[in-house]
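The lines below spell out each chain.
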Amino acid sequence: MLWFIRAANTGPLLLLVAYRPRQLPPALATMLHHSAAASQLEVWQIGPLSLGETRQLLGDRPDLDHIHQEGLGNPQYLKAIAGQGEARADAGAAILYELADLDLSALSVVRAAAVLDGPAPPDLLAAVASLDTVETLAALDVLSDLDLVRPIGCAGQWALRHRVLAEAIYERLAPSYLSAFHARAEAALAERSAPVIQRAYHIARALEPEKSHKVPTLIDAARESLPTAPAVAADLLQAAVPLLQTGEAQWHEAQVLLAHASLLTGRVRESRTLLHSLRPDSPGVRELDPAAFAEAARVERLLSQYNEAAALARAGLTAVPEHDTVVAASLHTELADIALDQQHYKVALEHAEAAASIKRRHQDTAGEAHALALSSLAHLFSSQQALAETAAARATELIDSATDAAILDNLQSIYQLGFAEATLVQLMDAQRHLTRGAALSRRSGQYYVLPAILKALAEVQLRSGDLGAALATLNEAAHDAKHNDSPATTAILMQARARALLWQGRPGDVEDVHALSQRAWDIASGHSTAWAITVRSYHAEAALLSGDPIRGKWLLLDAVGGAALPRLTTWRKPRWCDALALAAQISGDERLAEQTAAIAEQCVEELPTHGRRGFALRARMRAHALRGDIEQAVLSAQLAIEDFSLRGKRIEACRTMLAAAKVSLDAGRTRDVHTWLSQAAYLASECGSARLADEAARERSRLATYAAEPNTANRLAVLSAREREIAELVSSGMTSQEVADKLHLSVRTVDSHLSRVYRKLGVPNRAALTRTVADVARQTLWQSSFVAGPVV
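Residues numbered from 1 in each chain as written. Predicted model: local features only at pLDDT ≥ 70, side-chain atom pairs only at ≥ 80, totals over all residues. Heavy atoms only, no water.

Peer 1: Give a description of the nonpolar core that names residues and reports values.
Peer 2: Counting 164 residues, the largest nonpolar core has Leu-218, Leu-340, Trp-531 and Trp-676 as the members making the most contacts within it. Here Trp-676 is in contact with Val-634, Gln-638, Ile-641, Met-657, Ala-660, Ala-661, Ser-664, Arg-669 and Arg-671, once residues within four sequence places are set aside. Counting residues in hydrophobic clusters, the runner-up holds 44 residues, among them Leu-99, Ala-114, Leu-178 and Phe-181. (Core = buried A, V, L, I, M, F, W, Y, C linked by side-chain atoms within 4.5 Å. Buried < 20%, exposed > 50% of the residue type's maximum accessible area, 1.4 Å probe, protein only. Contact = heavy atoms within 4.5 Å.)

Now the structure itself:
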């Protein structure tokens, strides 16, 4: 105070006072109010941090919105929630300064509130703090005045003002204090007949010398909390298992439940280790029960060990005494899922239908929906479109009528339904279900399925052309990578990010595209299942679209097994027929373009409504363009645009518009081009694709050139890219053999191209062709009309 008096006597003094209004003593609050009213103080109301300010404080991170919401804009809360190690400890220590002047009674009550971790009445706080009711109420008065505790609702319950405060207090309690508080909490809750989960939480944390008689309580609570809080269940079981003798019935049950809890929380390999310890060759274990077989099969499937998973599931079915049981249905479900991955669709259908039938009889809504979604995929991949749609529709009815609690019993069900709907190109329904599934996964802590849900959701967003949302989803998946032990999911997520960055097309994205695509290919190269073929195919397409068409073509042929695409189902073929047709268009391979277009059309004829018609039409457009039949190419392109637009595939619609514009301009045809390019530019902007926007701008420049020089610009534009290349080489004096050697083609292919060049340009021989090319070169029109490679 003396320092302030001296400072005020020597000159003007600015005094800043920071305070929390809830914590001000009445006298000081009155003084500040009067001073402000008399204009002696300037009062600044400092509100919580905005989301932008939180970003400045913590940096950009995928969970920033959640942290900002949980932290209420309080800087210390935000740093404590987001921090780890020293950062979290420092934030907690800053918060705990508020407890410095508390007396012993108030400190005991605040510690009791932290241990109870939720609203509690005064008598329960008194029992846990080991105080009488009068002392506890007096302490609550003090703590309320300091805004450390607040009343909750109108039931006379109290809680610490924020969970960060509770965690900071709890984390700094000595083990002996913690044990005593938890023991008193459990005893008090038992007297009040509290739910078993509340009691078990304290039993697990009380370091009592003998509590084996409480093991049933721990196991019952773990079983009850598994769907909604698997991490809590795991904690309870880890407390129970050491109290049991290896091999006894409760030990076995606890180990299976712990393996299940570990799996649900995303610790798949830990779950696998636990299940291995239950095998008959392990010490003290006589046999593995069917439920453990089902759990082990699921773990192996998630780790992409399909043969091992199938063997375990079949052994489990053999061990089931009655085949009309929930466990038998779970084993059938696993076998169906494994068979789908291995492309054994008849087997998958048999097991899926068996599972659905059993689940229906047991009135397991989510389990039946899960099996029906698998059945839908098996039907679709077996070219049974109508049956696939019927099964998916029934699964949708079941999931939409199910409560969140029912779905949490089988969270895989909503993922499988969303995946089936995405495969059937029911994108809006797929996004709705996958978004709900992701929310349930985050809320419950069932993280094992979250990477798969995010993978499927990102795929839906990519197909819809929402690149920003897709990348945000993939960012979350990358942030939660610790919950993902599946090679399949890891590779597919990498490949999805590569595709999103490819179409985003911003500076620096190209390097990331190549790196991610290569890493995904490395993972997939050791597998022959459907997901691995898809990942390798996308890797090939990335090379094709990134300026390496020859490598892309051969990578794609290797991935799908050759030009007939024998490794792909009817459903998958049109998508990759179009990619091969693009490779053929770039290289001038008319035979390959025709072959792949015909295969795609045959597949669409077998499955007329399966959402792949646009790809078949675009493949046919490329084949027509190579033959020089521009009007038919344009017609196919227009039909493809209609199909892609109808199904909400904005990226594909935009690509097709650009391809149609390029094919037209290459042939000197300008009709409809302005409309296509305007629509493509709009779609590119809506999707957030700089790559497609740049392509639209380039084609607009070409269109402007044609409009300015309509007579001279069209002369060589009627030729395809390969035909123009051969025309230029021949006009330089090279023979057909020399051209063939240079371009790695046969002489017959060169002469075939040359015949079309003569016909299109209306010239009779090489000499006339040479004069035509020279005339165009002298008019400086060659460079403006020649653009290597087709629009993709």
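Peer 1: Which residues make up the packing of aromatic side chains, and what values do they have?
Peer 2: For the structure shown, the criterion picks out five aromatic pairs. Centroid distance Phe-381 to Trp-571: 5.3 Å. Interplanar angle 55°. Geometry classified as tilted. A residue pair is termed long-range when its members are at least 10 positions apart, and Phe-381 in helix 21 (residues 365-381) and Trp-571 in the loop between helix 31 (549-560) and helix 32 (573-587) qualify at 190 residues. Residue Phe-381 shares its accessibility class with Trp-571, and that shared class is buried. Sitting over the ring of Phe-181, Arg-184 keeps its end group 4.9 Å from the ring centre. The cationic tip of Lys-553 hangs over the ring face of Trp-554; the distance from NZ or CZ to the ring centre is 5.4 Å. (Phe/Tyr/Trp six-rings, centres within 6.5 Å; stacked < 30°, edge-to-face > 60°. Helix = DSSP H or I, 4+ residues; strand = E, 2+ residues; numbered from the N terminus. Lys NZ or Arg CZ within 6 Å of the ring centre and 35° of its normal.)

Peer 1: Tell me about unusual backbone geometry, residues and numbers included.
Peer 2: Its identity is not glycine, yet Asp-117 carries a phi of approximately 55°, on the positive side. With respect to the helices and strands, Asp-117 occurs in the loop between helix 7 (104-116) and helix 8 (122-129). In this structure, Gln-363 is a non-glycine residue whose phi angle is positive, near 55°. Classification of Gln-363 by relative accessible area gives exposed; the value is 72%.

Peer 1: An account of the packing of helix 32 against helix 33 (residues 590-606) is requested, with residue identities and associated values reported.
Peer 2: Interhelical geometry of helix 32 versus helix 33 gives an angle of 165° and a closest axis separation of 8 Å. One way to sum up the angle between helix 32 and helix 33 is to call them roughly antiparallel. Considering the relative orientation of helix 32 and helix 33, their crossing is left-handed. Facing helix 32, whose interface residues are Lys-573, Pro-574, Cys-577, Leu-580, Ala-581 and Ala-584, helix 33 presents Leu-592, Ala-593, Thr-596, Ile-599, Ala-600, Cys-603 and Val-604. (Axes fitted to C-alpha atoms, helices over the stretch in contact; angles between N-to-C directions. Parallel < 35°, antiparallel > 145°, perpendicular 65-115°, else oblique. Left-handed = near helix turned anticlockwise from the far one by under 90°.)

Peer 1: So what about the environment of Lys-662? Which residues, and what values?
Peer 2: Mapping Lys-662 onto the fold places it in helix 36 (residues 650-666). Through-space distance from the C-alpha of Lys-662 to that of Val-256 is 61 Å; in sequence the pair is 406 residues apart.

Peer 1: Any chance you could break down the pattern of salt bridges for me, citing the residues and the numbers?
Peer 2: Applying the stated criterion across every chain, the model contains 46 salt bridges. The shortest N-O distance in the salt bridge between Arg-360 and Glu-368 comes to 2.7 Å. On the basis of relative accessible area, Arg-360 is assigned to the partly exposed category, the value being 43%. On the basis of relative accessible area, Glu-368 is assigned to the buried category, the value being 5%. Residue Lys-662 pairs with Asp-666 through a salt bridge whose shortest N-O separation is 3.6 Å. With a gap of four residues between them, Lys-662 and Asp-666 both fall in helix 36, about one helical turn apart. Taken as a pair, Lys-662 and Asp-666 share a single burial class, namely buried. Here the salt bridges share partners, and the residues they tie into one network are Asp-578, Arg-618, Arg-622, Glu-652 and Arg-655. (Salt bridge = Lys/Arg side-chain N within 4 Å of Asp/Glu carboxyl O.)

In short, geometric facts, not functional conclusions.
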